[in-house]
Amino acid sequence: AAGVIQSPRHLIKEKRETATLKCYPIPRHDTVYWYQQGPGQDPQFLISFYEKMQSDKGSIPDRFSAQQFSDYHSELNMSSLELGDSALYFCASRSFDRSSLATQYFGPGTRLTVL
Amino acid sequence: GEDVEQSLFLSVREGDSSVINCTYTDSSSTYLYWYKQEPGAGLQLLTYIFSNMDMKQDQRLTVLLNKKDKHLSLRIADTQTGDSAIYFCAPSTWGGKLIFGQGTELSVKP
């Protein structure tokens, strides 16, 4: 079965650089969530999109922005990177179909290292 | 906002049962999930319970929900060394976002 795809899997950047993380949801899933997991931490919700519109916002820094495109893939753009942005970034997708279980399926994550 | 608490560590012997506990604050959580994370890996959905249920059994996994006390537990029967991982409790909130607990590191000794 198709899963959530994230690219790249690993990314190394310098401080103050920019990074773009991509997420391709499971086919026919219309909702995407982004989470950040720092070393030894629990995943923290950043932002979500439903039908290409932002549906909820968590602890996402102003330096980060995200969007969902017409094919439902999503991109997380991170600018002026700081050392503290080093983390594992997860994308999850789900279908908002009322008849289906509201389960989020997670991608493998993108490990971002800021030097 | 929602707060989710778990104990940080649990150590058991192979073949014993493991019980991982979780307390949460948002009584409006509709679904409550358990995820497993192995070192350096992603989040694997283990099981879930709907908020109008008290118990759910899924092979070696049993989830108990005490909605009045906002307490959730995950019991793993016949724990194996391959069960060693971090287990996250994650109630879902309105709109579907998950609020994760700190995770319980389960160590299974042979």
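All of the points below concern the structure found in this document. (Residues numbered from 1 in each chain as written. Chains lettered and ligands numbered in written order. Predicted model: local features only at pLDDT ≥ 70, side-chain atom pairs only at ≥ 80, totals over all residues. Heavy atoms only, no water.)

### Comments concerning the layout of surface pockets
Residue and element names in this part refer to chain B.
Phase 1 of the analysis: Roughly 490 Å³ of internal volume is contained in the largest pocket.
Phase 2 of the analysis: Here the element with the most residues in the lining of the largest pocket is strand β10 (residues 104-109); it accounts for 4 residues.
Phase 3 of the analysis: The class makeup of the residues in the lining of the largest pocket is 11 nonpolar, 12 polar and 4 charged. (1 Å grid on protein atoms, 1.4 Å probe; cavity = no way out; pocket = protein on both sides within 12 Å on 5 of 7 lines; lining within 4 Å. Points joined across faces, edges and corners; volume = space filled by probe spheres on them. Helix = DSSP H or I, 4+ residues; strand = E, 2+ residues; numbered from the N terminus. Nonpolar A, V, L, I, M, F, W, Y, C, P; charged D, E, K, R; others polar.)

### Focus on the environment of Glu75(A)
All names here are of chain A.
Phase 1 of the analysis: Along the chain, glutamate 75 turns up in strand β8 (residues 74-78).
Phase 2 of the analysis: As for glutamate 75 and serine 65, which are separated by 10 residues in sequence, their C-alpha atoms are 8.4 Å apart.
Phase 3 of the analysis: Here glutamate 75 is in contact with Thr20, Leu21, Lys22, Trp34, Ser65, Ala66, Gln67 and Phe69, once residues within four sequence places are set aside.
Phase 4 of the analysis: In terms of polar contacts, glutamate 75 uses its side chain to reach the side chain of histidine 73, at 3.1 Å. (Contact = heavy atoms within 4.5 Å. Polar contact = N/O pair within 3.5 Å; in protein donor to acceptor, adjacent residues only side chain to side chain.)

### Structural notes on the interface of chain B and chain A
Phase 1 of the analysis: Opposite the 19 residues of chain B that make contact, chain A presents 19 residues.
Phase 2 of the analysis: Summing both sides of the interface, chain B and chain A together bury roughly 1500 Å²; the carbon and sulfur share of this comes to 59%.
Phase 3 of the analysis: Summed over the three residues of chain B that lose the most area to chain A, namely Leu43(B), Lys97(B) and Phe100(B), the buried surface amounts to 32% of that side.
Phase 4 of the analysis: Along the contact surface separating chain B from chain A lie 1 salt bridge.
Phase 5 of the analysis: Between Lys97(B) and Asp56(A) there is a salt bridge; the shortest N-O distance is 3.4 Å.
Phase 6 of the analysis: Linking chain B to chain A there are 5 residue pairs in polar contact (both at pLDDT 80 or more).
Phase 7 of the analysis: Of all the elements in the fold, those that place two or more residues in the side of chain B that touches chain A are β4 (31-37) and β5 (43-50) of chain B. (Buried area = accessible area lost by both parts, 1.4 Å probe. Salt bridge = Lys/Arg side-chain N within 4 Å of Asp/Glu carboxyl O.)

### Re the pattern of salt bridges
Close approach of charged atoms allows side chains with opposite charge to pair.
Phase 1 of the analysis: Applying the stated criterion across every chain, the model contains 8 salt bridges over all chains.
Phase 2 of the analysis: The residue Glu82(A) makes a salt bridge to Arg63(A) at a minimum N-O spacing of 3.4 Å. A residue pair is termed long-range when its members are at least 10 positions apart, and Glu82(A) in the loop between β8 and β9 (87-94) and Arg63(A) in the loop between β6 (53-57) and β7 (64-68) qualify at 19 residues.
Phase 3 of the analysis: Residue class for Glu82(A) comes out partly exposed when judged on its relative accessible area of 41%.
Phase 4 of the analysis: Between Arg60(B) and Asp83(B) there is a salt bridge, and its shortest N-O distance comes to 2.9 Å. Of the two residues, Arg60(B) is situated in the loop between β6 (55-58) and β7 (61-66) and Asp83(B) in the loop between β8 (71-76) and β9 (85-91); the sequence distance between them amounts to 23 residues.
Phase 5 of the analysis: Connected through salt bridges with shared partners, the residues Arg63(A), Glu82(A) and Asp85(A) form a single ionic network. (Buried < 20%, exposed > 50% of the residue type's maximum accessible area, 1.4 Å probe, protein only.)

Read these as geometric descriptors, not functional statements.
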